[in-house]
Every structure is written in structure tokens, then in C-alpha cells.
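Now for the letters of each chain:
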Amino acid sequence: MSVRHALLALLSEGPKYGLQLGQEFEAGTGEVWPLNTGQVYTTLQRLERDGFVESDGTIDDGPQKDFRITDAGLDELHAWLHTPPDTSTPPRDELVIKVLVALRIPGVDAGELVQAHRRHVIEAMHQYTRLKEDAADHEIGLLLVADAEIFRLDAVVRWLDAADARIKRLPPPSETPASPVRLRARRKVGARR
Amino acid sequence: MSRSSDMSPALEMRQVSKSYGEGATIVEALIGVDLTVCAGELVAIMGPSGSGKSTLLTIAGTLEDFTSGEVTVLGEDTSQMSRNDRAALRRRSIGYVFQDFNLLAGLTAAENVSLPLELDGTRSKAARTTALAALDELGMAERADRFPDELSGGERQRVAIARSVVGDRQLLLADEPTGALDSVNGEGVMRLVRGACKRGVAGVIVTHDAQLASWADRVVFLRDGRVVDQTSPAAGPDSLLSPATSR
């Protein structure tokens, strides 16, 4: 998530103090994504260095220092909005790695491991669903962020379901044929990371 | 009306097993299933196709016999009941919601909702009044005299939910109730189901959909006919906002 561009977006509404920016960021995402004040100021300093924001005060003004977006900052914000997210490199997913590792360790029941993770993920989804259930229709930031988390976690459960079904169909370990060709092909897909 | 303080079990299944066929061709659909659902509670049963979840629901709803174990619905041991008594229990106390709504095409929304009441002996006028109140609660009062084919998918499912909770139904059983709906309409349906549970209805949903299951207070995982796991009692949304989860 780009804190940098979120701050630019808030400043596009008008000049604001650092503290105010932190509060508005959290309120806008239903407080699901907390942001500490230190991170706000570090990001503002970088934005100022890059010419995307400016301020009149000095560093001694502390929380009262007023920040404004520059024309270059507005251009940067609009360019970012239209830039597609990077989907070219698959992330090295921790859960995928855990299941892959489980399959290689003798005595580990991969099916049971998959179920344990499925339970944890659904418990997390439950919390976001409750958050959504209690939210009013106008709390759009909270609703959108909760939806995003629920869809992301739902995809994890779907992958776990698919993994479960595949693992169930596996022949016993001694009958599993080695498949060096496929391994090489897969390595190529992930080569950029 | 608030029955949510009543935490007595609406459904209790003890060591319930169900098998089809015998000998070498025996299929064990459920094996020693224990499940308790209290008034006001919403429980999701999750499992892949063939895990026995629909069998569990039809047994809970007394629509199907079981091979061994005990099923108690609203305090009554169903195996001790006659067919007629079970049918009366279904008409009065149990509501069903299916993926394909199962509304009768020749009846209006209000008639679909009032039908179970009339079948149970309520006079037609009183049944209509109760049905209209149930539809009104789901925001469907103005569509009460429409036929199912004049309603959208979301509206049809609302009618089905109104029918499942009309009168004094205390156990709501749903099989993939949002399966045919988009996510916003599906969410609307789940809000209605949660609303019914908050008023004291006990709900059981079977699904393979994690988003749907996440509306439940508790998720029970079924696999090859056995309960293999369940989620721990719900943590509140506050735990999402703790520093430990901040990114």
C-alpha cells in the first residue's frame, strides 16, 4: 500500500498538518490500516525532498507544520492512480511455501496443516465480516477495506481447498514420480524474484 | 420481540451417523457427528462436495432419517416422533432456504410466505397479515403481490428468507443460500439471516464458501462425513485494530 500517494491524495483536498494527515488516513480506511505519526513525518519529508509537497514552516514547528501539495505532486498522484498494480511477479507466499515444505517432511500430515491454516484464515475473515456488519453504509472507507481483506483471504481459502483436493489425490510417497522438467519450468516462472 | 437471551439448544445432534447401502457398497455419509446450535446462534458447516454437509442439514431438518445417534430439535427427540409429528414440527418451527429459492411459481411472494402457515391451520387472512409483516421486515412489502418471475434473484431470496422465518420458526436451515447471487446481494441475504438470529432464531448454513461462512458465529468443518475441526469462539473486530496486526 502506498502511504506516499495516500498522503498526496489527502493533501489534494487542501493544506493539512502532519498529525491531521495521520488521523484522516486512519479514518479513511476505517482504522483497519494503522499508521504511526513517525511514518507520516518520514513520508512527508521524502515527498518534500522530491518536490511533491511544500511547507512554509521550519522543522521546529512540529505537529503544527502545514503541508501543501505542489503541481508536480498532483501530476504524480494522477499518474499513480492510473498505473496498474504490479502483477508480473508472483509474490513468494509464506503459506504456499509452508505447504510445499510440509509435503517433503516425513510424518507431517499436509491435509491437517491445510485445515489448521484454513481455520485461522476463516477466523480472520470472520473478524472483518463483523467489522463490516457493524459499519454504516456511509463508512465507505471501512467497507471497501474490509471487502478487500475478505476477498484476499477468500482467495487464500480457495487455494487451500484446491491444495487439499490435490494432496488427497496424491499417490503414496514411494509412488510419486520425480518430475525434473516441471520443476525447471516452474523455476523459470519465479525467476524474477 | 427478543428471544436472544434464550441460549437453550435449538438443535442437538449426538453421535449421528448415516449410511447408504450395505456390505461392500456401503457409503458412510455421516460418521459420529456431534453438533449443538443454540437459540440466537448462527453456525456454518463447511466442507468440500461429498463431505456430508447437505445430508447433515436434511437430517437436522427431519427431512431424512439417520442410521444411528440422536437428533433433538427444539427439545424434541425426533426419532421418537411419528411422521405426522415431524411434519408438524417442520411446518411450525423449521425454516429452509435453498440456493435456488424453491418458491412456487404460481403463487405471489405473499402467498409463498403465508403457505406454511395456512398448511398448519392458520386462517388465510391471519396468515396473509403475518406474511406481509415478515416481507415488510425484509423491505419487500411493496413486492408482496408479485410473482417469483417478476422478482430479481436478490428479491426472490428475500421472499425465501421471509418464508423461512415467518410465524414462530426457531430453526433456520440454509443450503448455500447466496450461491446464485452476486456478492452485494449475497451480503444482503446474510445480513437478513444474521438479523433473524439476533432475534433468537438458531441458524445453520451449509456452504463451501468461506465468505458466507465468515458471517457465522462458529464454523464447523466437515470432511468425509466427520467433524474434523471448528473455529474458536468469535473474537471481536477490535482485535483487528491492535498494534500486533498493524502493517
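Residues numbered from 1 in each chain as written. Chains lettered and ligands numbered in written order. Predicted model: local features only at pLDDT ≥ 70, side-chain atom pairs only at ≥ 80, totals over all residues.

1. Notes on the pairing of strand β6 (residues 94-98) of chain B
Every other side chain in a regular strand lies on the same face of the sheet, so the side chains alternate between the two faces.
All names here are of chain B.
Step number 1: Within β6, four of the five residues are buried, leaving the element largely enclosed by the surrounding structure.
Step number 2: Alignment of β6 against strand β7 (residues 171-175), held across five bridges, turns out to be parallel. Bridge pairing in β7 links F98 to D175. (Buried ≥ 20, exposed ≤ 12 C-beta atoms within 10 Å, placed from the backbone. Helix = DSSP H or I, 4+ residues; strand = E, 2+ residues; numbered from the N terminus. Pairing = 2+ DSSP bridges.)

2. Focus: the sheet that holds strand β1 (residues 9-20) of chain B
Residue and element names in this part refer to chain B.
Step number 1: Spatial ordering of the open sheet is given by β2-β1-β4-β5, a layout of four strands whose pairing is antiparallel. Edge positions in the sheet fall to β2 (27-38) and β5 (76-77), since each has one partner strand and no second.
Step number 2: In the packing of helix α1 (residues 53-60) onto the sheet, the strands contacted are β1, β2 and β4 (68-73), and the crossing angle to β1 comes to about 125°. (Contact = placed C-beta atoms within 7 Å. Axes fitted to C-alpha atoms, helices over the stretch in contact; angles between N-to-C directions.)

3. Remarks on helix α2 (residues 18-28) of chain A
Residue and element names in this part refer to chain A.
Step number 1: All of the buried residues along α2 are G18, L21, G22 and F25. Taken down its axis, α2 places every buried residue within 100° of arc, on the same side.
Step number 2: The positive-phi residue at the C-terminal boundary of α2 is G30, with phi of around 60°. (Arc of directions from axis to C-beta.)

4. Section: the environment of G14(A)
Step number 1: With respect to the element layout, G14(A) can be found in the loop between α1 (3-11) and β1 (16-17).
Step number 2: Taking the C-alpha atoms as reference points, G14(A) and L160(A), separated by 146 residues in sequence, lie 46 Å from one another.

5. Examining the interface of chain A and chain B
Step number 1: The partner chain B presents 23 residues to the 22 residues of chain A that form the contact.
Step number 2: Looking at the side of chain A that touches chain B, the elements with two or more residues in it are α6 (110-134) and α7 (140-169) of chain A.
Step number 3: For the side of chain A that touches chain B, the element with the highest residue contribution is α6(A), accounting for 13 residues.
Step number 4: Partitioning the side of chain A that touches chain B into residue classes produces 10 nonpolar, four polar and eight charged. (Nonpolar A, V, L, I, M, F, W, Y, C, P; charged D, E, K, R; others polar.)

6. A closer look at the confidence of the model for chain A
Step number 1: In the predicted model, chain A carries a mean pLDDT of 84, and the fraction of residues at 70 or more is 85%.
Step number 2: Across chain A, the element-wise mean pLDDT spans from 51 in helix α8 (residues 180-189) of chain A up to 94 in α6(A). (pLDDT = per-residue confidence, 0-100.)

7. What about the sheet that holds strand β9 (residues 218-223) of chain B?
Residues and elements named next belong to chain B.
Step number 1: Read across the open sheet, the six strands follow the order β6-β7-β8-β3-β9-β10; overall the sheet is mixed. A strand with exactly one partner marks an edge of an open sheet, and here the two such strands are β6 and β10 (226-230). The sheet shows a mean angle of 20° between the axes of neighbouring strands, taken without regard to direction.
Step number 2: Two strands pair when backbone bridges link them, and β7 and strand β8 (residues 202-207) are joined in this way by five bridges, in the parallel orientation. Within the sheet, the bridge partner assigned to A174 lies in β8 and is I205.

8. Section: the nonpolar core
Step number 1: With 88 residues, the main nonpolar core has L135(B), A162(B) and V193(B) as its most contacted residues.
Step number 2: Setting aside its immediate chain neighbours within four residues, A162(B) contacts V113(B), A134(B), L135(B), L138(B) and M140(B).
Step number 3: By size, the runner-up hydrophobic cluster in this structure holds 13 residues, among which are L11(A), F25(A), F67(A) and I69(A). (Core = buried A, V, L, I, M, F, W, Y, C linked by C-beta atoms within 7 Å.)

9. Description of the packing of α1(A) against helix α3 (residues 37-49) of chain A
Residue and element names in this part refer to chain A.
Step number 1: Between α1 and α3, the shortest axis-to-axis distance is 10 Å and the interhelical angle comes to 80°. By the angle between their directions, the pair α1 and α3 is classed as roughly perpendicular. Mapping the contact onto sequence places V3, R4, L7 and L8 in α1 and Q39, T43, L44 and L47 in α3.
Step number 2: The residue inventory of the contact of α1 with α3, partitioned by class, reads five nonpolar, two polar and one charged. (Parallel < 35°, antiparallel > 145°, perpendicular 65-115°, else oblique.)

10. Thoughts on the pairing of β7(B)
Residue and element names in this part refer to chain B.
Step number 1: The buried count for β7 comes to five of five residues, which makes it a mostly enclosed element.
Step number 2: In β7, alternate side chains face the same way, and those of L171, L173 and D175 on one face and L172 and A174 on the other are all buried.
Step number 3: Between the parallel elements β7 and β8, the chain passes through helix α6 (residues 183-198) in a crossover that is right-handed. (Right-handed = clockwise from strand over helix to strand, strands pointing away.)

11. Observations concerning the confidence of the model for chain B
Residue and element names in this part refer to chain B.
Step number 1: On average, residues of chain B score 87 in pLDDT, and 91% of them reach the 70 mark or higher.
Step number 2: When the elements of chain B are averaged for pLDDT, α6 gives the smallest value, 85, and strand β3 (residues 42-46) the largest, 97.
Step number 3: Across residues 1-5, confidence stays below pLDDT 50; counting only partners more than four residues off in sequence or on other chains, it has 10 contacts.
Step number 4: Scored below 50 in pLDDT, residues 241-247 shows four contacts in the model against residues more than four places distant or in partner chains.
Step number 5: Under the prediction, the complex receives an ipTM of 0.82, its pTM being 0.79.

12. What about the packing of helix α3 (residues 109-119) of chain B against helix α5 (residues 153-165) of chain B?
Residues and elements named next belong to chain B.
Step number 1: Put simply, α3 and α5 touch, their axes get as near as 8 Å, and they point 25° apart. Taken as axis vectors, α3 and α5 run roughly parallel relative to one another. In terms of crossing hand, the pair formed by α3 and α5 is right-handed. For the pair α3 and α5, contact is made by A109, N112, V113 and P116 and by V159, A162 and R163, respectively.
Step number 2: Considering only residue class, the contact of α3 with α5 consists of five nonpolar, one polar and one charged. (Left-handed = near helix turned anticlockwise from the far one by under 90°.)

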